[in-house]
Amino acid sequence: MLVVWLNGSMVRIIKHLLGEFHDSRAIGPAVWECFDLFYVHEGEVLVRVNDLEDVVVESKGVLLLYPDTLFRGYTVAEVSKVSVCHFVVEYGAAGEPFGRLAGKVCGYELYAGSRGVLIEDYVRRSLELAYQEQSGLVVEMRRALLTLMVGELERGRHVEALETRRGGLGDLLEWLGRHLGDKIGPDDMAELMGYSVSHFRALFRRELGISPYQYLMEMRMERAGRLLRETSRAIKEVGRTVGYGEAAHFYRAFRRYYGCTPGGYREKYAVVG
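Residues numbered from 1 in each chain as written. Predicted model: local features only at pLDDT ≥ 70, side-chain atom pairs only at ≥ 80, totals over all residues. Heavy atoms only, no water.

## Focus on the sheet that holds strand β5 (residues 45-49)
Phase 1 of the analysis: Taking strand neighbours across the sheet as the criterion, the 4 strands line up as β3-β8-β5-β6 in an open arrangement whose pairing is antiparallel. At either end of the open sheet lies a strand with only one pairing partner, and these are β3 (27-32) and β6 (53-57). Taking the axes of each pair of neighbouring strands and ignoring which way they run, one obtains an average angle of 25 degrees across the sheet.
Phase 2 of the analysis: With 4 bridges joining them, β3 and strand β8 (residues 69-75) adopt antiparallel strand pairing. Its bridge partner being in β8, A30 is matched across the sheet by F71. (Pairing = 2+ DSSP bridges. Helix = DSSP H or I, 4+ residues; strand = E, 2+ residues; numbered from the N terminus. Axes fitted to C-alpha atoms, helices over the stretch in contact; angles between N-to-C directions.)

Now the structure itself:
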C-alpha cells in the first residue's frame, strides 16, 4: 500500500491493476471501501450501480466509484480491457484536487471518452510504475500521476457545469439526477446556472410550477422509494445515496413525504423476488 500526502490531504493508494473482461468474466458484484477509478482502455463496459442505474462506459471513458457503492459490470464488446486504481481519501482532507472527495459515499462520476483521452497517458504510465520497485522516486512519480488524473477529471466537472448552464433547466434537471447524493441546494443550482438566487427561484417556479427545494426533495424521495422497493440496501445507506447524511433527517423527510417510515414503506411495497 502506498501512502502519500497531497497538499495536506492523506491519500492511500491501494493498488492499480489491468485486466481483460469477456462474457464469462464479469466485474463484481462488489462493494469496496475505497474510491475506484475505472478506465476503459479498449471495448465498452456496462456497470450497474447501486442496483439502480445502468452506466455505459465507452472506450477511453472513466468511471469514478465512491466508497461503499454496490456495483457489477459486464463487457458490451466481445472483450474489454479495463484498469482500476483503488485509493482512499481521508475524512477532513482539504487539499485539491482530492479535498472535494473526502466523505463521499454511495455514488459515482462518469466522464466520457473525450475527457478520458486526456488522462490516457497518465493511466498507462501509472500502471507501469505500479509493477516496479517502489523507490522514493517511483512513489513521487505515482503521486504526481494520481494528482494529474484526479485533477483532470475535476477540471472536466467544471466543463460539465458550464455546459449545463448553457443548456438551461433541462440540463440542470438531468445533472441533479446524477448528483442526488451531493449536498445541493437552491443556492448551488443558481450558481451552476449563473443566476442570482432570487432570479433562479423565480425562473424555476415559472417554468415548472414548483420551488427548486421542493423539486429536489421530491427527486430524492422518489429515488429513495425506488431503492427501498427494488433493493435490499440498508435504510441508512439509502438515505446517504439520496443526499441525507444524517439518518434522523432522512427518516423525518421520508415520513413527511410518504406518511410512513422507510422500513414500513419497504415492508409494504418491496418487490418480491
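## Comments concerning the confidence of the model for the protein
Phase 1 of the analysis: Taken residue by residue, the protein gives an average pLDDT of 83. The fraction at 70 or more is 88%.
Phase 2 of the analysis: Below pLDDT 50 for its whole length, residues 1-9 participates in 28 contacts with residues either more than four positions away or in separate chains. (pLDDT = per-residue confidence, 0-100. Contact = heavy atoms within 4.5 Å.)

## Topic: the packing of aromatic side chains
Phase 1 of the analysis: Enumeration according to the criterion identifies 15 aromatic pairs in this entry.
Phase 2 of the analysis: Between the aromatic rings of F35 and F87, the centroid separation amounts to 5.4 Å while the plane-to-plane angle is 15 degrees, which identifies the pairing as stacked. Within this pair, whereas F35 is found in strand β4 (residues 35-42), its partner F87 is found in strand β9 (residues 79-89), the two being separated by 52 residues in sequence. Grouping residues by exposure puts F35 and F87 together as buried.
Phase 3 of the analysis: Aromatic side chains Y265 and Y269 sit 4.8 Å apart centroid to centroid with 45 degrees between the ring planes, which places their arrangement in the tilted category. Here the residue Y265 and the residue Y269 both occupy positions in helix α9 (residues 262-269), the gap between them amounting to 4 residues, near one helical turn.
Phase 4 of the analysis: Assessed through its relative accessible area of 7%, Y265 is described here as buried.
Phase 5 of the analysis: Taken together through their ring pairs, the aromatic side chains of Y244, F250, Y251, F254, Y257, Y258, Y265 and Y269 make up a single cluster.
Phase 6 of the analysis: The residue whose ring lies beneath R220 is Y244, and the NZ or CZ to ring-centre distance is 6.0 Å. (Phe/Tyr/Trp six-rings, centres within 6.5 Å; stacked < 30°, edge-to-face > 60°. Buried < 20%, exposed > 50% of the residue type's maximum accessible area, 1.4 Å probe, protein only. Lys NZ or Arg CZ within 6 Å of the ring centre and 35° of its normal.)

## Describing unusual backbone geometry
Phase 1 of the analysis: Note that the residue after G28, namely P29, is joined by a cis bond; omega there is 10 degrees.
Phase 2 of the analysis: Examined against the element boundaries, P29 turns out to sit in strand β3.
Phase 3 of the analysis: The phi dihedral of N50 is positive, around 55 degrees, even though this residue is not glycine.
Phase 4 of the analysis: Looking at the secondary structure, you find N50 in the loop between β5 and β6.
Phase 5 of the analysis: Even without being glycine, C106 reaches a positive phi, approximately 50 degrees.
Phase 6 of the analysis: Tracing the backbone through its elements, the reader meets C106 in the loop between β9 and β10 (108-111).
Phase 7 of the analysis: Judged by relative accessible area, C106 falls into the buried class, the value being 3%.

## Some words on helix α4 (residues 186-193)
Phase 1 of the analysis: Burial in α4 covers these residues: P186, M189, A190, L192 and M193. Along the long axis of α4, the arc covered by the buried residues comes to 160 degrees, so they all point the same way. (Arc of directions from axis to C-beta.)

## Brief notes about empty space enclosed by the protein
Phase 1 of the analysis: One pass over the full model with this rule turns up 2 cavities of 30 Å³ or more.
Phase 2 of the analysis: As a volume, the largest cavity reaches approximately 40 Å³.
Phase 3 of the analysis: In this structure, the largest cavity is lined by I27, F38, V40, V45, V47, V57 and V82.
Phase 4 of the analysis: Elements with a contribution of two residues or more to the lining of the largest cavity: β4 and β5.
Phase 5 of the analysis: Partitioning the lining of the largest cavity into residue classes produces 7 nonpolar, no polar and no charged.
Phase 6 of the analysis: When residues of the lining of the second largest cavity are traced back to their parent elements, those giving at least two are β2 (9-22) and α2 (136-167).
Phase 7 of the analysis: Of the residues contributing to the lining of the second largest cavity, the split by class is 3 nonpolar, 2 polar and 1 charged. (1 Å grid on protein atoms, 1.4 Å probe; cavity = no way out; pocket = protein on both sides within 12 Å on 5 of 7 lines; lining within 4 Å. Points joined across faces, edges and corners; volume = space filled by probe spheres on them. Nonpolar A, V, L, I, M, F, W, Y, C, P; charged D, E, K, R; others polar.)

## A short note on the pattern of salt bridges
Phase 1 of the analysis: Across all of its chains, the model carries 9 salt bridges by this definition.
Phase 2 of the analysis: Here D182 and K104 are joined by a salt bridge, their closest N and O atoms 2.8 Å apart. Taken together, the residues D182 in the loop between α3 (169-178) and α4 and K104 in the loop between β9 and β10 connect sequence positions 78 residues apart. As far as burial versus exposure is concerned, D182 and K104 are alike and both buried. (Salt bridge = Lys/Arg side-chain N within 4 Å of Asp/Glu carboxyl O.)

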